[in-house]
Amino acid sequence: MNRRGNVIRKMALTAVMLVLNLIFNRLFMFLSITPFNKIGIADVFTIFTSVYVGPFYGMVVGGFGDMLGALLLPTGAINWLITAAKFVSGALPGLLYLIFKRIQNKKLFKYISYGFMTSICVVLTVLINVFPETNLGGTNVSFVLWERIVFPILTFLLCFLLFFFLHFFEKKFHFESNYDLWFIVIIYELMFPLIINTIIKASYFQVSFIPIFVVQLLLFVVDIVLIVVVLNLLKRVKILSRS
């Protein structure tokens, strides 16, 4: 494929990912826990574009997806700090992928990811018991005893199911699950939805950082499971479309 055709293909794929990002970011959020914390897979389209098309195109999908969503389907005042973070975060997965693909031992990412996800579950168990009740901008968020027991167990279970899915995906389809990509997803979700977005929201809405962080940490595990599963399926479709 010549250079012009390659650019056109990248632009077309970016446009599709941008539309999907917009749709899933505004219309198909799976669950709203609080006004500040939601579950969804919109980030998967940003990560996929940034890794397989390029960091610049990831910026387009992440940044413009958020900006167009705020303008066309507003849910409140536009927070330009979050939009700016979306532009920057859109480039991160692609840049990390360019660095990590030089590392030969891919299993290193596998064991690091196992350890990190297990650590997140442990941290969540501690925090959810230390901060069982709080108020987020008028919304009461409380975890009763059974929730403080069940939620950490569910996060461990989700992690186990993710590990099983990746192993099954490799054995069933003879297809490498890209543990470096999984590690990129962890870094992306840790830096932006979990830390930077939480700081911005806490400052913007004048609420405490810790309560938003605790709830977002719970969603962190769910988001990573959803995103890694969808990314692997998207990659599978991408390979089949070329065969």
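Residues numbered from 1 in each chain as written. Predicted model: local features only at pLDDT ≥ 70, side-chain atom pairs only at ≥ 80, totals over all residues. Heavy atoms only, no water.

**Q** I keep staring at the overall build of the chain and nothing clicks. Help me out?
**A** Scanning the chain from N- to C-terminus turns up eight helices and four strands. Taken from the N to the C terminus, the helices and strands of the chain come in the order α-β-β-α-α-α-α-β-β-α-α-α. Across the chain, the fraction of contacts at a sequence separation of at least 24, relative to all contacts at a separation of at least 6, is 75%. Here the chain has roughly 12,400 Å² of accessible surface; of this, 71% comes from carbon and sulfur atoms. (Helix = DSSP H or I, 4+ residues; strand = E, 2+ residues; numbered from the N terminus. Contact = heavy atoms within 4.5 Å. Areas by Shrake-Rupley, 256 points an atom, 1.4 Å probe, with all protein chains shown as cover.)

**Q** I would appreciate a short explanation of the packing of aromatic side chains in the present structure.
**A** For any pair of aromatic rings, the description consists of the separation of the ring centres together with the inter-plane angle of the planes. Per the stated rule, a full pass over the model turns up eleven aromatic pairs. Taking the centre distance of 6.1 Å and the plane angle of 55° together, the rings of Tyr52 and Tyr97 count as tilted. One end of the pair, Tyr52, is in helix H2 (residues 42–52); the other, Tyr97, is in helix H4 (residues 80–100), and 45 residues separate them in sequence. Residue classification places Tyr97 among the buried positions, given a relative accessible area of 18%. Both rings, one in Tyr114 and one in Trp182, keep their centres 5.7 Å apart while their planes meet at 70°; by these two values the pair is edge-to-face. With a gap of 68 residues between them, Tyr114 in helix H5 (residues 107–130) and Trp182 in helix H7 (residues 179–204) connect regions that are remote in the sequence. Look at Trp182 and you get buried, because its relative accessible area is 2%. (Phe/Tyr/Trp six-rings, centres within 6.5 Å; stacked < 30°, edge-to-face > 60°. Buried < 20%, exposed > 50% of the residue type's maximum accessible area, 1.4 Å probe, protein only.)

**Q** How should I be thinking about the nonpolar core in this particular structure?
**A** Across soluble globular proteins, you tend to see nonpolar side chains buried next to one another. Counting residues in each nonpolar core, the largest one holds 53 residues, and the members touching the most others are Met117, Trp182, Ile224 and Leu231. Sequence-distant contacts of Trp182, defined by excluding residues within four places in its chain, comprise Lys110, Ser113, Tyr114, Met117, Leu162, Phe163, Leu166, Ile224 and Val228. (Core = buried A, V, L, I, M, F, W, Y, C linked by side-chain atoms within 4.5 Å.)

**Q** Any chance you could explain the packing of helix H3 (residues 55–72) against H4 here in plain terms?
**A** When two helices pack together, their arrangement is given by the angle between the helix axes and by the axis-to-axis distance. Relative orientation of the contacting elements H3 and H4 amounts to 155°, with a least axis distance of 7 Å. When the axis of H3 is compared with that of H4, the two are roughly antiparallel. Of the two elements, H3 crosses H4, and the hand of that crossing is right-handed. On H4, the residues touching Pro55, Gly58, Met59, Gly62, Gly63, Phe64, Asp66 and Met67 of H3 are Trp80, Ile82, Thr83, Lys86, Phe87, Gly90, Ala91, Gly94, Leu95 and Leu98. (Axes fitted to C-alpha atoms, helices over the stretch in contact; angles between N-to-C directions. Parallel < 35°, antiparallel > 145°, perpendicular 65-115°, else oblique. Left-handed = near helix turned anticlockwise from the far one by under 90°.)

**Q** Whenever I open this one, the pattern of salt bridges confuses me. Can you help?
**A** Note that side chains of opposite charge can pair when their charged atoms are close. Scanning all chains against the criterion turns up one salt bridge. With a closest N to O distance of 3.3 Å, Lys86 and Asp43 form a salt bridge. Taken together, the residues span a long stretch of sequence, with Lys86 in helix H4 and Asp43 in helix H2 at a distance of 43 residues. Taken as a pair, Lys86 and Asp43 share a single burial class, namely buried. (Salt bridge = Lys/Arg side-chain N within 4 Å of Asp/Glu carboxyl O.)

**Q** What exactly am I supposed to notice about the environment of Leu154 here?
**A** In this structure, Leu154 sits in helix H6 (residues 145–173). Residue Leu154 is classed as partly exposed on the basis of its relative accessible area of 41%. In sequence terms Leu154 and Val222 are 68 residues apart; their C-alpha atoms lie 9.6 Å from each other.

**Q** Teacher, can you tell me more about a nonpolar patch on the surface here?
**A** Together, Val144, Leu145, Trp146, Ile149, Val150, Ile153, Leu154, Leu157, Phe160, Leu161, Phe164 and Phe168 make up an exposed nonpolar region whose accessible area comes to about 1,200 Å². The topology assignment puts Leu161 in helix H6. We classify Leu161 as partly exposed; its relative accessible area is 44%. (Patch = residues over 30% accessible without salt bridge, like charges linked within 9 Å, V, L, I, M, F, W, Y side chains within 5 Å.)

**Q** Hey, could you run me through H2 in this one?
**A** Spacing of three or four residues puts side chains on the same side of an α-helix, whose turn is 3.6 residues. Counting buried residues in H2 gives eleven out of eleven residues, a clear majority hidden from the surface. Every buried residue belonging to H2 is among Ala42, Asp43, Val44, Phe45, Thr46, Ile47, Phe48, Thr49, Ser50, Val51 and Tyr52, and all of these are buried. Within two residues after H2, Gly54 carries a phi angle of roughly 150°, on the positive side.

**Q** Which parts of the structure should I look at to understand the environment of Ile47?
**A** Topologically, Ile47 is positioned in helix H2. Residues Ile47 and Val185, spaced 138 residues apart in sequence, show a C-alpha to C-alpha distance of 7.6 Å. Discounting residues that sit within four places of it in the chain, Ile47 has contacts with Pro93, Val185, Tyr188, Ile227 and Leu231.

**Q** What is the right way to read H5 from this model?
**A** Between its first and last C-alpha atoms H5 spans 35 Å; for 24 residues at 1.5 Å apiece the expected length is 34 Å, and the two agree. Within H5, the full set of buried residues consists of Phe109, Lys110, Ser113, Met117, Ile120, Cys121, Leu124, Leu127 and Ile128. (Expected span 1.5 Å × (residues − 1).)

**Q** Looking at this structure, I do not really get the confidence of the model for the chain. What am I missing?
**A** Detail in the predicted coordinates should be disregarded across regions flagged by low pLDDT. Considering every residue of the chain, the mean pLDDT works out to 79; 84% of them sit at 70 or more. At the level of individual helices and strands, the chain shows its lowest average pLDDT in strand S1 (residues 31–34), which scores 56, and its highest in H2, which scores 91. (pLDDT = per-residue confidence, 0-100.)

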